Amino acid sequence: MTPKDFLLHYGRQFGTLIGLLGLVIVLWILTPYFLTISNLLNVAQQTSINAIIAVGMTFVIITAGIDLSVGSIVAFSGVVLASALQAAIPLPIAILIGLVVGAFCGLVNGVLITYGRLPPFISTLGMMSVARGAALLYTGGRPISGFSSGFRYLATGEILYIPVPVIIMVLVYVVAHVVLTRTKLGRYAYAIGGNEEAAVLSGVSVKFYKAMVYGLSGMLSGLAAIILTARLNSAQPIAGMMYELDAIAATVIGGTSLMGGEGRIIGTLIGALIMGVLRNGLNLLGVSSFVQQTVIGSVIIIAVLMDMALKKQRK
Amino acid sequence: MKNDTVLELHHIRKTFPGVVALDDVRFELRRGEVHILLGENGAGKSTLVKILSGAYQKTAGQIILDRQEIDIKSPRHAQELGIAIIYQEFNLVPQLSAGENIFLGQEQIHASGLINQREIIASAQGILDDLGVEIEARKAVSELGVAQQQMVEVAKALSLDARILIMDEPTSALTEQEITELFNTIRRLKQKGVSIIYISHRLEELFEIGDRVTVLRDGKYIDTCNIADVSKSELISMMVNRELKEHFPKLRAARGEEVLRVNGLGINGVLHDIAFSLHRGEVLGIAGLLGSGRTELASSLFGVSRIDSGEIYVKGKRQRIKSPRRAINLGIGLLTEDRKSQGLIMILSTKDNICLPSVERFSRIGFVDTREEIQAATQYVGDLHIKTPSLQQQVMFLSGGNQQKVVISKWLCCQADILIFDEPTRGIDVGSKVEIYHLMNRLTAEGAAIIMISSELPEILGMSDRIMVMNQGRIAGEFSAGEATQEQILHYALEGAA
Ligand SMILES: Nc1ncnc2c1ncn2[C@@H]1O[C@H](COP(=O)(O)OP(=O)(O)OP(=O)(O)O)[C@@H](O)[C@H]1O
Ligand SMILES: [Mg+2]
């Protein structure tokens, strides 16, 4: 890739990165504690769950879809995983169960959208309610708590001072980047989102790949559920409320277009970090959570407005 | 400045990142004239008129309208100034009715504050009737054919009471008869004092409808002359800066084995009892009017439309072609007539579009070999002279003709050897047309078989080895290349089989 191609490719993400750096500098000036290693690792750890879910969301949005069910899938896979752990099922198998439950819910979304021809909004809105209800039914509304230290290591452990969730997050991003830029699934995701009819006529098995993308989103929600459960040492049927909004926000701030066909995985990481940094900074500054909500909402709107203004300028 | 000059452009320059689309271009438009803009694909014609329609902002230069220097700030502003445009690519809202589209943005409002639907439909119907076309204003645009949609575009521009009307390749999707109707409308508009800027690649048309012509080449102004004072070949050499020897450089290739045979193929109510065969090395031209079932035939061979009866044999084996994927695996490629909605993914890069049907071939265990992709894309961009600043350029920023070449590259890249070309040279300049014909020669020489659907009879006659004429979903007649005449084909296309 020539430098010009690189800019064409990542120009938008570059802008987001500058936004993130600006934010970091402002917070550093306002509260010097912000830029300590321990706080930054803290931010990364807090960001990891949203960042992982946002990867699936990015794939979905690139195909011009949306997944509103991620938060509920986190809750449902979390409680199933927790009950498996408490039934003394070996750790690797329990983890696999968590991932499979998430992937299964996602695939159901995918099948409803492709073969059932439901709009993604409706299908995943339904799943949002179904999975939440299932989590509540499964647990009778009570949390399942108390796990082995081996399992909890997934959230509390460190490797070379770096928290395990952060390592998992980085791995997920590396793999996702490769999948999106180097594999058929990635190529086809962009093609489907860009023009579904043209993709069909170019021989893309649109239904199959779309279903896969929703399955992937579900599976990553399952992964997020594992980390969340390990961190809280408890699986709650009401966990993951509003997660879909955070994931959509991270994706959109990162430059992925809701119209589909456009987006980079690295942008989503930066978007998720912006959300995490903002939350952390506002907490450090002692800003009330009411104000925080308002600020974060405004940031999302401003980010998208700036994005559109930049795009218009290219004309 | 002459008295009847309405618009003057001086030193117009327009740059895009990495591209100089227009450089020091001048242009003058008189009251009541049809002024042709001529140039090869990517010469900058669309860019120039988009500056006038407010879609783009000029980088430098002067626009003088009615002796006043102005800046055209937005499409809305252009409309207020009396400049209307019909784009090369349609800009209609498919879900809305023809009438609603015509008055989109200028809805009459009731005293109650609601839109006056009845009034809209009635006035739209008036404009459509005036145009001499049979379109119901209340019908949804999605139910209209390509030609009818084009007419709705024309009506939309007329509804604005424009003094300057810009038409960017308005006839590329129209039949001969519709073109005649459009020209009548244009003449009527001229009499009313409307000035028309007209872009088309069909040189015959220019002599029929144009008063003056301005030629652009590579974004630069070449010359302006009276149509009456120039010849076709003079215009061509101004455009391409070289002599074009033949318009249809047809070479006959050796006829090889049969690759496709269709027996009794039918789709209820659309296609009836279609039977033909296709051999390697051969171009089968399919002529017919719009709606004669040619495109449906193509989609059924490509696995898009389900067939209700009949058999399809590909390379000797009976096949049920249930999806485009299946068709592609059998070596069939389809160049659709509508490149914007079916052929291309506008938002993706030139490379990604060229390689899309071949991704399977370029992948091992799910991983795409990017180097192979780039190699292939580079080859076709070079082979077909696709004008693009880089492989990464999004195809929406390419000119219409170059977009078409990208679509053709897609099918060459995936090594299809049964190629169905639906209107392959629509919107393509004379130079590139000849390039595409040469390419067809090369493909047939290499053993490919081509089905060429075209509404341009000279092209059908000039490039086919055999010609099939369709009428109302049936094959009305079949000719070998030598024996067909334009009259015969038209006769069968209009009247059906005797
Ligand atoms: N928005 C854009 N961004 C970047 N480049 C552009 C853009 N619009 C046009 N161009 C480039 O400017 C040049 C002129 O394009 P234009 O569409 O005006 O050609 P044209 O004369 O209308 O060709 P055609 O006959 O194929 O329609 C082309 O090289 C094209 O790639
Ligand atoms: Mg053009």
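Given the structure is predicted, the values throughout are model-derived calculations rather than measurements.

(A) The arrangement of unusual backbone geometry in detail. All names here are of chain B. Its identity is not glycine, yet D66 carries a phi of approximately 50°, on the positive side. Checked against the element boundaries, D66 lands in the loop between β4 (60-65) and β5 (68-70). Residue class for D66 comes out partly exposed when judged on its relative accessible area of 36%. The phi dihedral of D273 falls on the positive side, at around 50°, and the residue is not glycine. Looking at where D273 falls in the secondary structure, it is placed in strand β12 (residues 271-279). What makes D273 exposed here is its relative accessible area of 59%.

(B) Broad picture of the sheet that holds strand β15 (residues 317-319) of chain B. Residue and element names in this part refer to chain B. Overall, antiparallel pairing links the four strands, which are arranged β12-β11-β14-β15 in an open sheet. In the strand order of this sheet, the two ends are held by β12 and β15, each with one partner. Pairwise comparison of adjacent strand axes, ignoring direction, gives a mean angle of 20° for this sheet. Relative to β15, strand β14 (residues 309-314) runs antiparallel, the two being bridged by three bridges. Note that in β15 the partner of Y313 across the bridge is R318.

(C) Broad picture of the interface of chain A and chain B. Counting from both sides, the interface comprises 29 residues of chain A and, opposite them, 37 residues of chain B. Across the interface of chain A and chain B, roughly 2600 Å² is buried in total on both sides, 57% from carbon and sulfur atoms. For the chain A face of the interface with chain B, the top three residues by lost area are R187, L201 and S202 of chain A, together amounting to 25%. If you look at where chain A meets chain B, you find three salt bridges. Between E373 of chain B and R187 of chain A there is a salt bridge; the shortest N-O distance is 2.3 Å. Between the two partners, chain A and chain B, sit 11 residue pairs in polar contact (both at pLDDT 80 or more). Looking at the side of chain A that touches chain B, the elements that each hand over two or more residues are α1 (3-30), α7 (164-182), α8 (184-194) and α9 (196-201) of chain A. Residue contributions to the side of chain A that touches chain B peak at six residues, all from α8 of chain A. Class assignment for the residues of the side of chain A that touches chain B results in 11 nonpolar, nine polar and nine charged.

(D) Quick peek at the domain arrangement of chain B. Residue and element names in this part refer to chain B. Assigned domains of chain B: these are domain 1 (5-240) and domain 2 (258-495). Put simply, the middle of domain 1 and the middle of domain 2, counted by C-alpha atoms, are 30 Å apart. If you look at the interface, domain 1 gives 23 residues, while domain 2 gives 17 residues. Approximately 1700 Å² of surface area, both sides summed, lies buried where domain 1 meets domain 2, with 53% of it carried by carbon and sulfur atoms. The partner of K387 in a salt bridge is D218, and the shortest N-O contact between them spans 3.1 Å. Run the count over domain 1 and domain 2 and you get five residue pairs in polar contact (both at pLDDT 80 or more). Looking at the side of domain 1 that touches domain 2, the elements with two or more residues in it are α5 (146-158) and α8 (232-240). When grouped by side-chain class, the residues that make up the side of domain 1 that touches domain 2 number eight nonpolar, nine polar and six charged.

(E) Structural context of the nonpolar core. Judged by nonpolar contacts, the single largest core of 148 residues is most densely connected at L260, F276, L297, L301, I332, M440 and I451 of chain B. Residues I86, L92, A124 and I236 of chain B belong to the second largest nonpolar core, which totals 52 residues.

(F) Structural detail: the pairing of strand β22 (residues 474-480) of chain B. All names here are of chain B. With six bridges joining them, strand β21 (residues 466-471) and β22 adopt antiparallel strand pairing. Within β22, the position partnered with M470 by the bridge is I475. The hairpin turn running from β21 into β22, its antiparallel successor, is two residues long, and Q472 in that turn takes a positive phi close to 45°.

(G) Inspection of the site of ligand 1 at higher detail. Residues and elements named next belong to chain B. Taken together, 21 residues lie near ligand 1, and G42, S46, T47, H201 and G401 sit nearest. At a separation of 2.8 Å, an oxygen atom of ligand 1 approaches a polar side-chain atom of N41. S399 is positioned such that a nitrogen or oxygen atom in its side chain is 2.8 Å from an oxygen atom of ligand 1. Within the complex, the protein chains bury 95% of what would otherwise be the 640 Å² of accessible surface of ligand 1. Where the shell around ligand 1 is concerned, the elements lending two or more residues are β2 (19-30), α1 (45-52) and α15 (400-413). For the shell around ligand 1, the leading source of residues is α1, giving three residues.

Parameters and conventions
- Residues numbered from 1 in each chain as written.
- Chains lettered and ligands numbered in written order.
- Predicted model: local features only at pLDDT ≥ 70, side-chain atom pairs only at ≥ 80, totals over all residues.
- Heavy atoms only, no water.
- Helix = DSSP H or I, 4+ residues; strand = E, 2+ residues; numbered from the N terminus.
- Buried < 20%, exposed > 50% of the residue type's maximum accessible area, 1.4 Å probe, protein only.
- Pairing = 2+ DSSP bridges.
- Axes fitted to C-alpha atoms, helices over the stretch in contact; angles between N-to-C directions.
- Contact = heavy atoms within 4.5 Å.
- Buried area = accessible area lost by both parts, 1.4 Å probe.
- Salt bridge = Lys/Arg side-chain N within 4 Å of Asp/Glu carboxyl O.
- Polar contact = N/O pair within 3.5 Å; in protein donor to acceptor, adjacent residues only side chain to side chain.
- Nonpolar A, V, L, I, M, F, W, Y, C, P; charged D, E, K, R; others polar.
- Domains from an automatic or database assignment.
- Core = buried A, V, L, I, M, F, W, Y, C linked by side-chain atoms within 4.5 Å.
- Near = heavy atom within 4 Å.
- Areas by Shrake-Rupley, 256 points an atom, 1.4 Å probe, with all protein chains shown as cover.

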